[in-house]
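Here is what each chain is made of, one letter per residue.
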Amino acid sequence: MEQKIALIPGDGIGPEIVREAKKILDKVCEKYGHSFTYTELLLGGASIDVHGVPLTDETIEEAKKADAVLMGSIGGDAKTSPWYQLEPSKRPEAGLLKLRKSLNLFANLRPAYLYQELKEACPLKEEIIGDGFDMVIVRELTGGLYFGERKTIEENGVKKAIDTLTYNEKEIERIARKAFEIAGKRRKKVTSVDKANVLDSSRLWRSVVEEVAKEYPQITLEHMLVDNCAMQLVKNPGQFDVILTENMFGDILSDEASMVTGSIGMLSSASLNETSFGLYEPSHGSAPDIAGENKANPIATILSAAMMLRYSLNLDQEADAVEKAVQTVLTQGYRTPDIMSEGCTCVGTREMGDKIAEAID
Ligand code: NAD
């Protein structure tokens, strides 16, 4: 299979972790007979240094031409980097927000998976962790409260702020469909999270999700109120497979779910549009404090590349092989400094990539 992949190394540890993810993709191509061609694109601080802006129109066009985009991370140290002397619209993060918008990425996927080998990093009690957990939060990314009309007014000398939460049927339908499709590739359960006891937008959400569910009879659907979901994530995380929710609830719940895994260097993410196209990136930032020191954990980026294989390139077997290789290397006891524990072997970014590449069968 021939595929065009845009690589955005970005800033800080970005180039190091993307280099390792590419090493894994090269190994996948070799083992499974695929051919990926890569275009490297500049974003964030790296683009400011060359073009004076964090994202150029050419970069957007090149990204659109690709089948998928794999990104490291962007940004620098806000206190010391000259990028943060620029006005907000010219800073690194503005480039990423504009890119996401230009690519119409409305579905954000954040998996939270607990590796038994990293159980010590999980803040939950042993009896709650049980056999571990493996869930994906599917969050609507371009609607709801963050994109609704807002204003601050003054009434009789008292300031009043108004934010509006709007969703239409089409927006709910397309994100629900993504969640059901993803559940079809997993354990076939969707938990739709809302606040239908209070909000109209949630009542519409619930009824549209129920309609979409009829097209997926093999998937079990349950509804859960967002306050209960926040509790269940720390009480019984093993019950979840795919959590489907709107923008603000998803923002909060996905951070909660990822903290429960305990290891920032392990958390992958994907943002998808209506086609199979997606932008794949680790959930962490550019870690300027360890950039260039061969200390960064490349696993979040490697797992993001596995998501790219699964969701954009439809290569499930290859995605399984990458995820299994990560598992094997952890079982063998190799750890980057951020996840190091007693009795394990500490390795650098490059060595971790080598070990995972070797473990792909
Ligand atoms: P960060 O995630 O970069 O770092 C937080 C801490 O986690 C640091 O101690 C760092 O060393 C560590 N860490 C992060 N990723 C790691 C990895 N793969 N391996 C080992 N350790 C890792 O968050 P921050 O320090 O708040 O932000 C740094 C820069 O990243 C800022 O400019 C911020 O705006 C940017 N940022 C970018 C993205 C993105 O590109 N999507 C996301 C978050 C933050």
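Rules and cut-offs
Residues numbered from 1 in each chain as written. Predicted model: local features only at pLDDT ≥ 70, side-chain atom pairs only at ≥ 80, totals over all residues. Heavy atoms only, no water. Domains from an automatic or database assignment. Contact = heavy atoms within 4.5 Å. Buried area = accessible area lost by both parts, 1.4 Å probe. Core = buried A, V, L, I, M, F, W, Y, C linked by side-chain atoms within 4.5 Å. Buried < 20%, exposed > 50% of the residue type's maximum accessible area, 1.4 Å probe, protein only. Helix = DSSP H or I, 4+ residues; strand = E, 2+ residues; numbered from the N terminus. Axes fitted to C-alpha atoms, helices over the stretch in contact; angles between N-to-C directions. Parallel < 35°, antiparallel > 145°, perpendicular 65-115°, else oblique. Left-handed = near helix turned anticlockwise from the far one by under 90°. Near = heavy atom within 4 Å. Polar contact = N/O pair within 3.5 Å; in protein donor to acceptor, adjacent residues only side chain to side chain. Areas by Shrake-Rupley, 256 points an atom, 1.4 Å probe, with all protein chains shown as cover. Arc of directions from axis to C-beta. Phe/Tyr/Trp six-rings, centres within 6.5 Å; stacked < 30°, edge-to-face > 60°. Lys NZ or Arg CZ within 6 Å of the ring centre and 35° of its normal. Expected span 1.5 Å × (residues − 1).

Trainee: What's the story with the domain arrangement of the chain in this structure? I'm lost.
Mentor: A common measure of how large an interface is: the accessible area buried when the components associate. Here the chain is partitioned into domain 1 (1-110 + 267-361) and domain 2 (123-140 + 166-260). Here the C-alpha centre of domain 2 lies 25 Å away from the C-alpha centre of domain 1. Taken together, the contacts link 15 residues of domain 1 with 15 residues of domain 2. Buried surface at the junction of domain 1 and domain 2, summed over both partners, amounts to about 1300 Å²; 52% is from carbon and sulfur atoms. When the buried area of domain 1 at its contact with domain 2 is split by residue, Phe106, Arg110 and Tyr311 rank highest and sum to 50% of it.

Trainee: Which parts of the structure should I look at to understand the nonpolar core?
Mentor: Soluble, globular proteins show a tendency: their nonpolar side chains are buried together. In this structure, Leu109, Val138, Phe180, Leu244, Tyr280, Leu309 and Ile356 are the most contacted members of the largest nonpolar core, which totals 66 residues. The dominant element in this core, judged by the number of residues it contributes, is helix α10 (residues 299-311), at nine residues. Looking at this core, you find at least three residues from each of domain 1 (1-110 + 267-361) and domain 2 (123-140 + 166-260). For leucine 309, the residues in contact, after removing those within four places along its chain, are Leu25, Val28, Phe36, Asn314, Leu315, Glu318, Ala319 and Val322. Formed by 19 residues, the second largest nonpolar core is a distinct cluster that contains Leu114, Ile129, Cys229 and Phe240.

Trainee: I tried to follow the packing of α10 against helix α11 (residues 316-331) on my own but got confused; where do I start?
Mentor: Describing two packed helices takes the angle between their axes plus the distance from one axis to the other. Viewed as axis vectors pointing N to C, α10 and α11 meet at an angle of 160°, and their least axial separation amounts to 7 Å. Between α10 and α11, the angle falls in the class roughly antiparallel. When the axes of α10 and α11 are compared, the crossing they make is left-handed. Contacts between α10 and α11 pair Ile299, Ile302, Leu303, Ala306, Leu309 and Arg310 from the former with Asp316, Glu318, Ala319, Asp320, Val322, Glu323, Val326 and Leu330 from the latter.

Trainee: Honestly, the site of the ligand in this entry has me stumped. Any pointers?
Mentor: Neighbouring residues of the ligand: 22 residues in total, closest Gly76, Glu93, Gly285, Ala287 and Asn297. With respect to the ligand, the backbone of isoleucine 74 contributes an N or O atom lying 2.9 Å from an oxygen atom. At 2.8 Å, a backbone N or O of asparagine 297 approaches a nitrogen atom of the ligand. Surface burial for the ligand is 67%, taken as the share of its 810 Å² of free accessible area covered by protein chains. Looking at the shell around the ligand, the elements with two or more residues in it are β3 (68-73) and α4 (92-102).

Trainee: What exactly am I supposed to notice about unusual backbone geometry here?
Mentor: Comment: phi is negative for the bulk of residues other than glycine, and the bulk of peptide bonds are trans. The phi angle at alanine 287 is positive, at roughly 40°, despite the residue not being glycine. Its location among the elements puts alanine 287 in the loop between β12 (278-282) and α10. Even without a glycine there, the phi angle at asparagine 314 is positive, about 55°. Position of asparagine 314 among the secondary structure elements: in the loop between α10 and α11. According to the relative accessible area criterion, asparagine 314 is exposed, its value standing at 56%.

Trainee: Any chance you could explain helix α3 (residues 57-65) here in plain terms?
Mentor: An α-helix turns once per 3.6 residues; consequently, residues spaced three or four apart project the same way. Restricting attention to buried positions, one finds in α3 the residues Thr59, Ile60 and Ala63. All buried residues of α3 fall inside an arc of 100° around its axis, so they share one side. Of the exposed residues in α3, the ones pointing more than 90 degrees away from its buried face are Asp57, Glu58 and Lys65. In this structure, the buried residues of α3 make contact with β1 (2-10), β3 and α4.

Trainee: When you look at the packing of α3 against α4 in this model, what are you seeing that I'm missing?
Mentor: Look at α3 against α4: their axes get within 11 Å of each other, and the N-to-C directions meet at 45°. By the angle between their axes, α3 is oblique relative to α4. The crossing of α3 and α4 is right-handed. Residues Asp57, Ile60, Ala63 and Lys64 of α3 form the contact with α4, whose own contacting residues are Lys98, Leu99 and Ser102.

Trainee: Explain the packing of aromatic side chains here, please?
Mentor: Each aromatic ring pair is summarised here by two numbers: the centre-to-centre distance and the angle between the ring planes. Scanning the model with the defined rule gives three aromatic pairs in all. Arranged with centres 4.6 Å apart and planes meeting at 80°, the rings of tyrosine 113 and tyrosine 115 form a pair that is edge-to-face. For tyrosine 115, a relative accessible area of 7% translates into the label buried. Seen from their ring centres, phenylalanine 180 and tyrosine 216 are 5.2 Å apart, and the 15° between their planes marks the pair as stacked. Of this pair, phenylalanine 180 sits in helix α6 (residues 169-184) while tyrosine 216 is found in the loop between α7 (200-213) and β9 (220-225), placing the two residues 36 residues apart along the sequence. Its relative accessible area of 0% is what places phenylalanine 180 among the buried residues. Tyrosine 216 sits in the buried class, given a relative accessible area of 10%. The ring of phenylalanine 106 carries arginine 174 above its face, with NZ or CZ at 4.0 Å from the centroid.

Trainee: Would you take a moment to explain helix α9 (residues 247-261) for this structure?
Mentor: Spanning 15 residues, α9 covers 21 Å between terminal C-alpha atoms, matching the ideal 21 Å at 1.5 Å per step. Taken together, the buried positions of α9 are occupied by Asn247, Phe249, Gly250, Leu253, Ser254, Ala257, Ser258, Val260 and Thr261. Along α9, the residues classed as buried sweep out an arc of 145° about the axis, all on the same side. For α9, exposure combined with an orientation more than 90 degrees from the buried face picks out Ile252 and Met259. Measuring from the side-chain oxygen of the N-cap residue of α9 to the backbone nitrogen of methionine 248 gives 3.0 Å; that N-cap residue is glutamate 246.

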